Amino acid sequence: MRLPASRLALLGVLYFVQGLPFGFQATALPVYLRGQGVSLTALGFAGVLALPWGLKVLWAPLVDRYSSSRIGRRKSWILPMQAGLTLTCVAAGMLVSDGGSLKVLLGLILVMNLFAATQDIAVDGLAVDLLRPEELGLGNTVQVVGYKLGMLTGGGLLVWASKSVGWPGLFHGMALLCAIALGVTLLSREAPPPEPGAEPTARVEAKTGSWRQWFAVFLTTVRQPGIGWVLLFIGTYKFGETMADVLYKPFLVDAGIPAWQIGQWVGTWGNAASILGSVTGGVLATRMPILGALSLTASLRVLPLMGRWWLATHGVSDAGVIGVTLAEELVGGALTTVMFAFMMSRVDRRIGASHYTLMASIEVWGKAPAAPLAGWLADSTHGLALGYGPVFLLGAGLSVAFLALLLPIRHLQARLVTDVSHENSASQARDESPPVESGTR
């Protein structure tokens, strides 16, 4: 039986809401802060506001373990997180409207990310409950597209609209969208928990709710053969790209491009290109060997990163900014989807979501130092004063260096295939061996 469209729509709405604050922070916040005269060094450290996304693995067992049977295992967490996100957006809009403290605003954005990251844990669990193995492709597509549409709205459409409604209107628009999602969730009916004979992965997900079991999962993960190379691979693939990303919006502001136009080009058109790239990455991961798709997309990513260096050293133009932005978002979106597919291919399904969450946390933490490092290198007041061009070039160079990590990963993948082949052969030989008589010792 096909997954009902209503459940797919619910997943899309939930991931859309989670993408709103992250899209605002990634695209709109650097524009706003630079317009307020914040230094590049301080802008680099603004990535700390996304800390809940990197730490959510610590309280994931709590979300899995504690809930109200009357409200629903997942809705028990989703509803209060959506309500908190709505109220925080309203408070941020009122603060900006009154010209309040910038530090308080940043604190509210941190709280937004806390609500969204915690909701993400519950929504991931809901997806595990809803999706059967044959539905994962369609379900994951809805999740990725929903999240990126939220990013496009929070970091693009609403910033674009800020030309008319101002920054307070942007926050109030986010609050309205969160309130609508809250109403949709209230009206939805949560699927019952997996039955004893259900998909094994779903049963395992429900068992990883205690701290003791969580640490057992962690130990299982870190003892895998070649895990160091795998984690290094996952943790560094975005490092150079992030260095360029964190400076790109401030670079456009300093180049004289108005905030509303950055919201249109980068936040709106760029996120649309990223969504297209994500779909393309999914097709590549399906039609090609996963490491081949990684090699292709990681190699193509270097070209738009060099394009940013070209803009910084040869001057900006409307066509140049649009072309480089769309190319980078398209290829970057494809690479992200392919990398997530690689991560999922490495998951031990006995500990499915917990294992994947650990790798996702490594992905977040691996690129986290890139933003403050880039700001410090480029800042002429509190840093090394290298400027935009050299840091863009360094980001591209690190992305080229990342390609070298494909060699040990290919070796590990080949060894894994060989081990599985030997295991299957041994299992087949055991199955075909003659039965042992009951009296034989």
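In this report, we go over the structure that sits alongside the text. (Residues numbered from 1 in each chain as written. Predicted model: local features only at pLDDT ≥ 70, side-chain atom pairs only at ≥ 80, totals over all residues. Heavy atoms only, no water.)

## Some remarks on the overall build of the protein chain
Part 1: The number of helices and strands found in the protein chain is 18 helices and zero strands.
Part 2: Contacts spanning at least 24 positions in sequence make up 84% of the contacts within the protein chain whose residues lie at least 6 apart.
Part 3: Summed over all atoms, the accessible surface of the protein chain reaches about 20,300 Å², with 67% contributed by carbon and sulfur. (Helix = DSSP H or I, 4+ residues; strand = E, 2+ residues; numbered from the N terminus. Contact = heavy atoms within 4.5 Å. Areas by Shrake-Rupley, 256 points an atom, 1.4 Å probe, with all protein chains shown as cover.)

## Overview of the pattern of salt bridges
Part 1: Under the defined criterion, the tally for this structure stands at seven salt bridges.
Part 2: Among the ionic pairs, Lys-56 bridges to Asp-120, the shortest N-O distance being 2.2 Å. Residue Lys-56 is located in the loop between helix 3 (51-55) and helix 4 (60-65), and its partner Asp-120 is located in helix 6 (residues 102-130); the two are separated by 64 residues in the primary sequence. For the residue pair Lys-56 and Asp-120, the accessibility class agrees, reading buried in each case.
Part 3: Of the charged contacts, one joins Lys-367 and Glu-363 as a salt bridge, the two residues approaching to 3.3 Å between their closest N and O atoms. Placement of the pair is Lys-367 and Glu-363 together in helix 15 (residues 352-367), with a separation of four residues, close to one helical turn.
Part 4: Among the charged side chains, a network of salt bridges with common partners joins Lys-238, Glu-241 and Arg-301. (Salt bridge = Lys/Arg side-chain N within 4 Å of Asp/Glu carboxyl O. Buried < 20%, exposed > 50% of the residue type's maximum accessible area, 1.4 Å probe, protein only.)

## What about the environment of Arg-73?
Part 1: Topologically, Arg-73 is positioned in the loop between helix 4 and helix 5 (75-97).
Part 2: When its relative accessible area of 18% is taken as the criterion, Arg-73 is described as buried.
Part 3: Counting along the chain gives 10 residues from Arg-73 to Val-63, while the straight-line C-alpha distance between them is 8.8 Å.

## Looking at helix 11 (residues 239-254)
Part 1: Look at helix 11: 24 Å from first C-alpha to last across 16 residues, which is about the 22 Å you get at 1.5 Å a residue.
Part 2: Approximately 35 degrees is the largest bend angle found in helix 11, and it occurs at Tyr-248, with the proline Pro-250 only one to four residues beyond.
Part 3: Burial runs high along helix 11: 13 of the 16 residues are buried.
Part 4: The positive-phi residue at the C-terminal boundary of helix 11 is Gly-256, with phi of around 95 degrees. (Expected span 1.5 Å × (residues − 1). Bend = angle between axes of the 7 residues up to and from the residue.)

## Quick look at the packing of aromatic side chains
Part 1: Summed over all chains, the structure comprises 12 aromatic pairs.
Part 2: Linked through ring pairs, Phe-233, Tyr-237, Phe-342 and Phe-402 together constitute an aromatic cluster.
Part 3: Positioned above the aromatic ring of Tyr-248, the side-chain terminus of Arg-308 is 4.2 Å from the ring centre. (Phe/Tyr/Trp six-rings, centres within 6.5 Å; stacked < 30°, edge-to-face > 60°. Lys NZ or Arg CZ within 6 Å of the ring centre and 35° of its normal.)

## As for the nonpolar core
Part 1: In terms of nonpolar packing, the biggest core is built from 59 residues, with Phe-24, Leu-247 and Tyr-248 touching the most fellow members.
Part 2: Leave out the neighbours within four places in its chain, and Leu-247 touches Leu-40, Ala-374, Gly-375, Ala-378, Tyr-388, Val-391 and Phe-392. (Core = buried A, V, L, I, M, F, W, Y, C linked by side-chain atoms within 4.5 Å.)

## With respect to a nonpolar patch on the surface
Part 1: Together, Phe-45, Val-48, Leu-51, Leu-110 and Trp-365 make up an exposed nonpolar region whose accessible area comes to about 440 Å².
Part 2: Structurally, Leu-51 is set in helix 3.
Part 3: Judged by its relative accessible area of 33%, Leu-51 is partly exposed. (Patch = residues over 30% accessible without salt bridge, like charges linked within 9 Å, V, L, I, M, F, W, Y side chains within 5 Å.)

## Side note on the side chain of Thr-242
Part 1: Tracing the backbone through its elements, the reader meets Thr-242 in helix 11.
Part 2: Given a relative accessible area of 17%, Thr-242 falls into the buried group.
Part 3: For Thr-242, the side chain forms a polar contact with the main-chain oxygen of Lys-238, separated by 2.7 Å.
Part 4: Setting aside residues up to four positions removed in sequence, Thr-242 forms contacts with Lys-367, Ala-370 and Ala-371. (Polar contact = N/O pair within 3.5 Å; in protein donor to acceptor, adjacent residues only side chain to side chain.)

## Looking at the packing of helix 13 (residues 290-314) against helix 17 (residues 388-402)
Part 1: Here helix 13 crosses helix 17 at 170 degrees, and the two axes come no closer than 8 Å. When the axis of helix 13 is compared with that of helix 17, the two are roughly antiparallel. Residues Ala-298, Arg-301, Val-302, Leu-305, Met-306, Arg-308, Trp-309, Ala-312 and Thr-313 of helix 13 form the contact with helix 17, whose participating residues are Tyr-388, Gly-389, Phe-392, Leu-393, Gly-395, Ala-396, Ser-399, Val-400 and Phe-402.
Part 2: Looking at the contact of helix 13 with helix 17 residue by residue, the classes come out as 12 nonpolar, four polar and two charged. (Axes fitted to C-alpha atoms, helices over the stretch in contact; angles between N-to-C directions. Parallel < 35°, antiparallel > 145°, perpendicular 65-115°, else oblique. Nonpolar A, V, L, I, M, F, W, Y, C, P; charged D, E, K, R; others polar.)

## Details of the state of the cysteines
Part 1: Under the counting rule described, the total for this entry stands at zero disulfides.
Part 2: With no disulfide of its own, Cys-89 lies 4.6 Å from the sulfur of Cys-178, the closest cysteine sulfur.
Part 3: Given a relative accessible area of 1%, Cys-178 falls into the buried group. (Disulfide = S-S within 2.5 Å.)

## Digging into the packing of helix 10 (residues 227-236) against helix 14 (residues 318-345)
Part 1: It is the contact of helix 10 with helix 14, at a shortest axis distance of 11 Å, that shows an interaxial angle of 155 degrees. By the angle between their directions, the pair helix 10 and helix 14 is classed as roughly antiparallel. Where helix 10 crosses over helix 14, the handedness of that crossing is left-handed. Across the interface between the two elements, Val-230, Phe-233 and Ile-234 from helix 10 touch Met-339, Phe-342 and Met-343 from helix 14.
Part 2: Classifying every residue of the contact of helix 10 with helix 14 by side-chain character gives six nonpolar, no polar and no charged. (Left-handed = near helix turned anticlockwise from the far one by under 90°.)

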